[in-house]
Amino acid sequence: LLAALVILGGLVWSLKKSDESGWTQSANRVGQTLVPNFPINDVADIHINNGHTSVSLTKKEGQWRVKERGDYPANFAMISDLLLKLQEQKIIQSDAVTAEQRPDLYLIEPNKDKPSAIAIEVKDANAKSIARFLLGKRYMKKGPTGADVPAGRYVMVDSDEKTVALVGDVLLDAEPKPEVWTVKEFVRAEKVKSIEFKGDDGASIWKMQRDKEAGEWQLADAKPNEKFDNTRGTSTVNAISMMSFIDVIASTTSLDTGMSKPRAVIAETFDGLTYTFRIGNESSDDNQYIGVAVSGDPAKERSATADEKPEDKERLDKEFKERLAKLETRLKFEKTLSGWTYITPKWRLDPLLKDRAGLMMDKQNAEAPSVTPMNPPGR
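Every chain begins its residue count from 1, and numbering advances along the sequence as written. For this predicted model, a pLDDT threshold of at least 70 governs which residues receive local features, and a threshold of 80 or more governs which side-chain atom pairs are given and counted, while totals over whole chains, interfaces and linings are taken from all residues. Excluding hydrogens and water, the side-chain figures rest on all heavy atoms present in the structure.

(A) How the structure looks around the pattern of salt bridges. One speaks of a salt bridge when a side-chain nitrogen belonging to Lys or Arg is within 4 Å of a carboxyl oxygen belonging to Asp or Glu. Inspection of the entire model under this criterion finds 24 salt bridges. For Glu 109, the salt bridge identified is with Arg 132, shortest N-O distance 2.7 Å. Taken together, the residues Glu 109 in the loop between β5 (91–96) and β6 (118–123) and Arg 132 in strand β7 (residues 129–142) connect sequence positions 23 residues apart. When a residue's accessible area, from a 1.4 Å probe over protein chains only, is under 20% of the maximum for its type it is buried; when over 50% it is exposed; and in between it is partly exposed. Classification of Arg 132 by relative accessible area gives partly exposed; the value is 25%. Salt-bridge contacts for Asp 317 lead to Arg 302; the nearest nitrogen and oxygen are separated by 2.8 Å. Of the two residues, Asp 317 is situated in helix α5 (residues 310–334) and Arg 302 in the loop between β16 (287–295) and α5; the sequence distance between them amounts to 15 residues. The class for Arg 302 is partly exposed, based on a relative accessible area of 22%. Salt bridges sharing common partners tie together Arg 188, Glu 190, Arg 330 and Glu 334. Working definition: helices are DSSP H or I runs of at least four residues, strands are E runs of at least two. Numbering for both runs from the N terminus.

Below, the structure written as C-alpha cells:
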C-alpha cells in the first residue's frame, strides 16, 4: 500500500511539473516573433488557401506573378507588406491548446464546410518550405463605443499543434483571392491629340481631334448639319485617361469574350504614342471584356517654341528630360500589358462607346440662337 502511494504521488508530481513546464515554455514566447530569424529575402513562393479560394504567388526572373491569372504581374507592395508582417509579428499571448479546442479558434486545416483557418505557406526558390501559418479566429475586444472590434488573431506556426499564439494584427492582407493580388496599375493615355471609335467591321464611327494640347476638340469630317458637343467630347477624353480593370482572364478558351471581332478605340498622343483598346462582349455583373496595346516611342528631343526665351531653355530642357525618363519607365510597363484579356466596369467604357449622334448637341441646344452678352454700364 505504501509503495502504491509513493508511485501515485510520483505520477501526480510528474504531471504537475509537465504542466508547469508547458506553461512556462508558452509564457516565455511572449514578446518573441512568430518565426525567429524569418528569412524574408529567401521567399520565392507564397500559397494562401481558406478552403474556398486560393492563390499562388511565385517569383519568376525577379518578378512576382499570380499563377491563377496566367502569371500576370503581382502587386509587389502587397506581397512585401504581408511578408514583413509575418516576419515582425510579435506574440502577445501564448497558450497550450488541445485538439478539441482548435475548432473553436478556427485553427483547423482549411475547410469549405466549416469555420477554419487561412493557411499560408512560404517556400524558397527550391520549393523548400520556410514556414507555414494557420491564421485562426480574430481576437475581439470592446472599442470606445462599447462594440466589439478586431484587436488581433490566433495563429499556429508550422507543425506545433499544441501551442496557439495571439498576435496584435488581424492580418487582413492574407486574402486568398487571385484578383486581389494582381497589379492594378494600367495604361494612362495622356496628352491625347485624337480619338477614333471603330465598329467590329473596322469602319470608323467617329473621330475627334485637336491641333494643340489646350485646344478645343473638333469632330473630324463633320457634316454641315452636325453640331459637335465639346463637353461630351471632353468626357470621352477623360474616360480614356482613367481606364482601369477589375480582373484578368487567365484563359479565354471557354468564354465568349467577343475579342475575335472587337470594336476598337484608338487614341494617339502628342508624345507619339498610340493606345488601342479592343472592346469585346459584356461579361457578368455588368462588366466588359477588353484588351489593350501600346505602340510608338516618345520623341527624344524637345522642340523649342518660336517665342522661347534663352534664359528659359535650360529649365525647359531639364523638365523635358525628367518627364521623358518617367514616360519611358511607364511605357516599358504598359507595353507588357498587351496579350491579356481584362474585365473592366462597363460604366467606364460608356463615354467611349457612344454612337456618332451621342457626341452631338441636343437639338434644342443646337438650334438656340447665339446671344452676345451685354456689358453692364460703366464697363
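(B) Spotlight on the sheet that holds strand β11 (residues 204–209). Two strands qualify as a pair provided that DSSP identifies no fewer than 2 bridges between them. The sheet built from eight strands is open, its strands ordered β12-β11-β10-β14-β15-β16-β17-β13 with antiparallel pairing. The open sheet terminates on both sides in strands that have one partner only, identified here as β12 (218–219) and β13 (247–249). Pairing of β11 with β12 involves two bridges; the strand directions are antiparallel. By the bridge assignment, Met 208 is partnered in β12 with Leu 219.

(C) Looking closely at the packing of aromatic side chains. Planes of paired rings set the category: under 30 degrees apart is stacked, over 60 is edge-to-face and the rest tilted, where pairs are Phe, Tyr or Trp rings (Trp by its six-membered ring) whose centres lie within 6.5 Å. On inspection of all chains with the given rule, the structure shows nine aromatic pairs. For the pair Tyr 139 and Tyr 154, a centre-to-centre distance of 6.3 Å together with 85° between the ring planes defines the contact as edge-to-face. Of this pair, Tyr 139 sits in strand β7 while Tyr 154 sits in strand β8 (residues 148–157); the two residues are 15 residues apart in sequence, bridging distant segments of the chain. Residue classification places Tyr 154 among the buried residues on the basis of a relative accessible area of 18%. Ring geometry for Phe 186 versus Tyr 342: centroids 5.0 Å apart, planes at 65°, classification edge-to-face. With Phe 186 in the loop between α3 (178–181) and β10 (192–198) and Tyr 342 in strand β17 (residues 341–345), this pair connects stretches of sequence that are 156 residues apart. As far as the burial class goes, Phe 186 and Tyr 342 line up, both buried. Members of the aromatic cluster, each reached through a chain of ring pairs, are Tyr 72, Phe 186, Phe 245, Trp 340 and Tyr 342. Against the face of Tyr 106 rests Lys 137, its NZ or CZ located 5.5 Å from the ring centre. Charge-over-ring contacts are defined here by two conditions on Lys NZ or Arg CZ: a distance within 6 Å of the ring centre and an angle within 35 degrees of the ring normal.

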